[in-house]
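# Residue-level structural notes
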Amino acid sequence: MTKRILTGITTTGTPHIGNYLGAIKPSLELARASEESFFFLADYHALIKTQDREKVRSSVTEVALAWLSSGLDTDKSHFYRQSDVKEITELNWILSCITSKGLMNRAHAYKSVISENTIDPDKGVSMGLFSYPVLMASDILIFNSTHVPVGHDQIQHLEMTRDIAVRFNHIFGKVFNLPEAVVQKKGTTVPGLDGRKMSKSYNNIIPLLSDEKTLKKSIAKIVTNSLEPGEPKDSTDCNVFKLYENFSTEKDQISFKKEYADGISWGEAKKKLFLLINAELEPVRDKYYELESNKKFVNDLLEFGAQKVKPIAAEMLERIRELVGISRIS
Ligand code: TRP
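Residues numbered from 1 in each chain as written. Predicted model: local features only at pLDDT ≥ 70, side-chain atom pairs only at ≥ 80, totals over all residues. Heavy atoms only, no water.

Quick look at the site of the ligand now. Looking at the ligand, there are 14 residues lining it, with T10, Y132, M136, D139 and Q154 nearest. Between the ligand and H45, the relevant distance is 3.5 Å, taken from a nitrogen atom to a side-chain nitrogen or oxygen of the residue. A distance of 3.2 Å is found between a nitrogen atom of the ligand and a side-chain nitrogen or oxygen belonging to Q154. Within the complex, 88% of the 370 Å² of free accessible area of the ligand lies under protein. Elements represented by at least two residues in the shell around the ligand include exactly strand 1 (4-10), strand 2 (36-42), helix 8 (132-141) and strand 4 (147-150). Classifying every residue of the shell around the ligand by side-chain character gives 8 nonpolar, 5 polar and 1 charged. (Near = heavy atom within 4 Å. Polar contact = N/O pair within 3.5 Å; in protein donor to acceptor, adjacent residues only side chain to side chain. Areas by Shrake-Rupley, 256 points an atom, 1.4 Å probe, with all protein chains shown as cover. Helix = DSSP H or I, 4+ residues; strand = E, 2+ residues; numbered from the N terminus. Nonpolar A, V, L, I, M, F, W, Y, C, P; charged D, E, K, R; others polar.)

Now the structure itself:
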């Protein structure tokens, strides 16, 4: 079977280097090695998180620019907006009708919102948040994807996607293959400025598409201990070192570790980190500036992407509608 990789990125907030390292870079590498790849802007997923129209709108642009600037090749990969492919939301309903509520009750995404007590008291848990794994399953299954690059937090959603696919196949006949999650190897969590996982919700990000000065400023804010220059430092459990690890070779890490032991100052350590990250992000930034000034081009690319994938989705949906009995009277 053709290897078809697919991944979605929820369009909320400013893309940060955690997204770049955890999702964009490994996905693009995988795409280069795959026959077919699908990347999409999960803008309907964004509505789960915010009702701020401007935020939803600007995030789509930012995320599109992040992927394109990082090297997504739209000749080789399908790149589209989820909302342009209406078949996805139609499938979402069909799959909702065969998905048990009990399965959704177990979803971490909504459970963590409850346990962290971050629910808006006026709204409670929205149905969108509760049933979001079904929308995700629809994104994946409409294209019969085989491999789905995701972060650790999404493994459960892939299991749910498979559960839903198995159930559909069992009731209506085998239509869906069972997609596999492709997860970054363990230990690659990208720490944010405060050491917790880099996340928009923790407000601890280093933005991906910033200018040099902003990048330097962000890095200066990374929390360290208060050891003085000259005092030996431990690289384990150090936020600066952990970020360094994500961009460097093993050889460089060994020598950086030695500098820690020799008492490098935090200012120097951060400068080294800055130079390393900046070197990697420079071409991304240049491409970003180029695209940023030509939004029409970006829109056209997305439009073109949607036109390419829609017939595939339409054919799949037609098959599914027939199977569940939603077809012309005959
Ligand atoms: N839920 C994913 C996230 O928050 C984004 C996403 C939406 C996705 N649909 C998808 C990822 C389908 C992979 C496949 O990261």
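Moving on: the packing of helix 3 (residues 53-69) against helix 14 (residues 295-324). As a packed pair, helix 3 and helix 14 sit with axes 11 Å apart at the nearest point and diverge in direction by 85°. Between helix 3 and helix 14, the interaxial angle falls into the category roughly perpendicular. Counted together, T61, A64, L65 and L68 of helix 3 and K295, V298, L301 and L302 of helix 14 form the full contact between these two elements. Of the residues assigned to the contact of helix 3 with helix 14, the class counts are 6 nonpolar, 1 polar and 1 charged. (Axes fitted to C-alpha atoms, helices over the stretch in contact; angles between N-to-C directions. Parallel < 35°, antiparallel > 145°, perpendicular 65-115°, else oblique. Contact = heavy atoms within 4.5 Å.)

For the rest of this paragraph, the subject is the domain arrangement of the chain. Domain boundaries in the chain define domain 1 (4-190 + 295-324) and domain 2 (210-290). Taking only C-alpha atoms into account, the centre of domain 1 sits 32 Å from that of domain 2. Taken together, the contact between domain 1 and domain 2 spans 12 residues of the former and 9 residues of the latter. Between domain 1 and domain 2 the total buried area reaches about 890 Å² when both faces are included, carbon and sulfur atoms providing 64% of it. (Domains from an automatic or database assignment. Buried area = accessible area lost by both parts, 1.4 Å probe.)

Remember that side chains alternate between the two faces of the sheet whenever the strand is regular. Residues H78 and Y80 line one face of strand 3 (residues 78-81) and the alternating positions F79 and R81 line the opposite face, and both faces are buried. As defined by bridge partners, strand 2 adjoins strand 3 across 4 bridges and the pair is classed as parallel. Counted as the bridge partner of F38 is H78 from strand 3. (Buried < 20%, exposed > 50% of the residue type's maximum accessible area, 1.4 Å probe, protein only. Pairing = 2+ DSSP bridges.)

Below, the discussion takes up the environment of G18. Examined against the element boundaries, G18 turns out to sit in helix 1 (residues 17-32). Here the alpha-carbon distance between G18 and G102, two residues 84 residues apart in the chain, equals 32 Å.

So, about unusual backbone geometry. Glycine aside, a negative phi is what most residues show, and trans is what most peptide bonds show. Even without being glycine, N203 reaches a positive phi, approximately 60°. For N203, the location among the structural elements is in the loop between strand 5 (180-183) and helix 10 (212-220). Positioned with a positive phi, D237 is a non-glycine residue whose angle comes to about 65°. Here D237 falls in the exposed class, since its relative accessible area comes to 69%.

Right, let's talk about the nonpolar core for a bit. In this structure, I17, W67, F79 and Y260 are the most contacted members of the largest nonpolar core, which totals 51 residues. Ranked by residues supplied to this core, first place goes to helix 13 (residues 266-292) with 10 residues. Once residues within four sequence positions are removed from consideration, I17 is found in contact with M198, I206, P207, L208, L243, F247, I277 and L281. (Core = buried A, V, L, I, M, F, W, Y, C linked by side-chain atoms within 4.5 Å.)

It is worth spelling out the side chain of N204 at this point. Mapping N204 onto the fold places it in the loop between strand 5 and helix 10. At 2.7 Å, the side chain of N204 and the side chain of D194 are in polar contact. Sequence-distant contacts of N204, defined by excluding residues within four places in its chain, comprise G192, L193, D194, R196, K197, M198 and S199.

On to the pattern of salt bridges, then. Pairing between side chains of opposite charge can happen when the charged atoms of each approach one another. With the rule as written, the count across this model stands at 13 salt bridges. A salt bridge links R321 to E90; the nearest nitrogen and oxygen atoms lie 2.7 Å apart. One end of the pair, R321, is in helix 14; the other, E90, is in helix 4 (residues 86-96), and 231 residues separate them in sequence. Accessibility expressed as a relative area gives 18% for R321, which makes it buried. For E90, a relative accessible area of 33% gives the class partly exposed. (Salt bridge = Lys/Arg side-chain N within 4 Å of Asp/Glu carboxyl O.)

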